Amino acid sequence: MKSLCTDSGGFVVDCLAERIETLVLDASDLHGHQEMKQILRDTAEKLRQLARANSDRTAPRARITSPDGQRSTRPLVAVTPSRRSSAHRQAIAILEEAETKLLRSSAQSAARASQYQQVANALGSNKVLLRS
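Note that this is a predicted model, so its numbers are computed, not measured.

Calculation rules
- Residues numbered from 1 in each chain as written.
- Predicted model: local features only at pLDDT ≥ 70, side-chain atom pairs only at ≥ 80, totals over all residues.
- Heavy atoms only, no water.
- Disulfide = S-S within 2.5 Å.
- Helix = DSSP H or I, 4+ residues; strand = E, 2+ residues; numbered from the N terminus.
- Axes fitted to C-alpha atoms, helices over the stretch in contact; angles between N-to-C directions.
- Parallel < 35°, antiparallel > 145°, perpendicular 65-115°, else oblique.
- Contact = heavy atoms within 4.5 Å.
- Nonpolar A, V, L, I, M, F, W, Y, C, P; charged D, E, K, R; others polar.
- Salt bridge = Lys/Arg side-chain N within 4 Å of Asp/Glu carboxyl O.
- Buried < 20%, exposed > 50% of the residue type's maximum accessible area, 1.4 Å probe, protein only.
- Expected span 1.5 Å × (residues − 1).

Caption draft 1: Spotlight on the state of the cysteines. Counted by the stated rule, this structure contains 1 disulfide. Paired by a disulfide, Cys5 and Cys15 hold their sulfur atoms 2.1 Å apart. Across the disulfide from Cys5 to Cys15, rotation about the S-S bond amounts to roughly -90°, and the bridge is consequently left-handed. One end of the pair, Cys5, is in helix H1 (residues 2-5); the other, Cys15, is in helix H2 (residues 12-26), and 10 residues separate them in sequence.

Caption draft 2: Up close: the packing of H2 against helix H4 (residues 84-106). Packing of H2 against H4 leaves a shortest axis separation of 10 Å and a crossing angle of 25°. Regarding the angle of H2 to H4, the classification is roughly parallel. Only Ala87, His88, Ala91 and Leu95 of H4 make contact with H2, whose side of the interface consists of Val12, Val13, Leu16 and Ile20. The residue inventory of the contact of H2 with H4, partitioned by class, reads 7 nonpolar, 1 polar and no charged.

Caption draft 3: Region of the structure containing the pattern of salt bridges. Scanning the entire structure with this criterion turns up 10 salt bridges. Residue Arg74 is joined to Asp14 by a salt bridge in which the shortest nitrogen-to-oxygen separation is 2.9 Å. Of this pair, Arg74 sits in the loop between helix H3 (34-53) and H4 while Asp14 is found in helix H2, placing the two residues 60 residues apart along the sequence. Ionic pairing is found between Lys127 and Glu96, a salt bridge with its closest N-O pair at 3.5 Å. Here Glu96 lies in helix H4 and Lys127 lies in helix H6 (residues 127-131), a separation of 31 residues in the sequence. The exposure class assigned to Lys127 is buried, which follows from its relative accessible area of 12%. With relative accessibility at 34%, the residue Glu96 sits in the partly exposed group.

Caption draft 4: Focus on H4. Counted at 1.5 Å a residue, the expected span for H4 with its 23 residues is 33 Å, and the 32 Å between its end C-alpha atoms agrees. Buried within H4 we find Ala87, His88, Ala91, Ile92, Ile94, Leu95, Ala98, Glu99, Leu102, Ser105 and Ser106.

Caption draft 5: Fine view of the environment of Lys37. One can find Lys37 in helix H3. Take Lys37: its relative accessible area is 5%, and that puts it in the buried class. Taking C-alpha positions, Lys37 is 19 Å from Ile92, a pair spaced 55 residues apart along the chain.

If you want it as structure tokens, here you go:
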């Protein structure tokens, strides 16, 4: 997520949504983790809706590419400059909610605890993108 979304400017909220969507698709063959995948799907959808609700109608959608060659799988929506601060605060809250849900879910199964905690930490580490 950081590789692609770090320099995405006004696209960061939708970029995070797109990266989480991609993560869920990559985990589609991972059995026994339905709850984690559902939490990630819900998080991606909330971020995507947030980006759209605050979209900059004057900015074109864009596919972005990272310096290491990663590319967004779909065109991303930019958040209007006047709403970015508020949208970023809301996005942080969405990520924190997902972290909490993942950590609570991890407590239900010792076998999954480590994996859920790693995913929660990965989501949490991306909040810095929204604070800058």
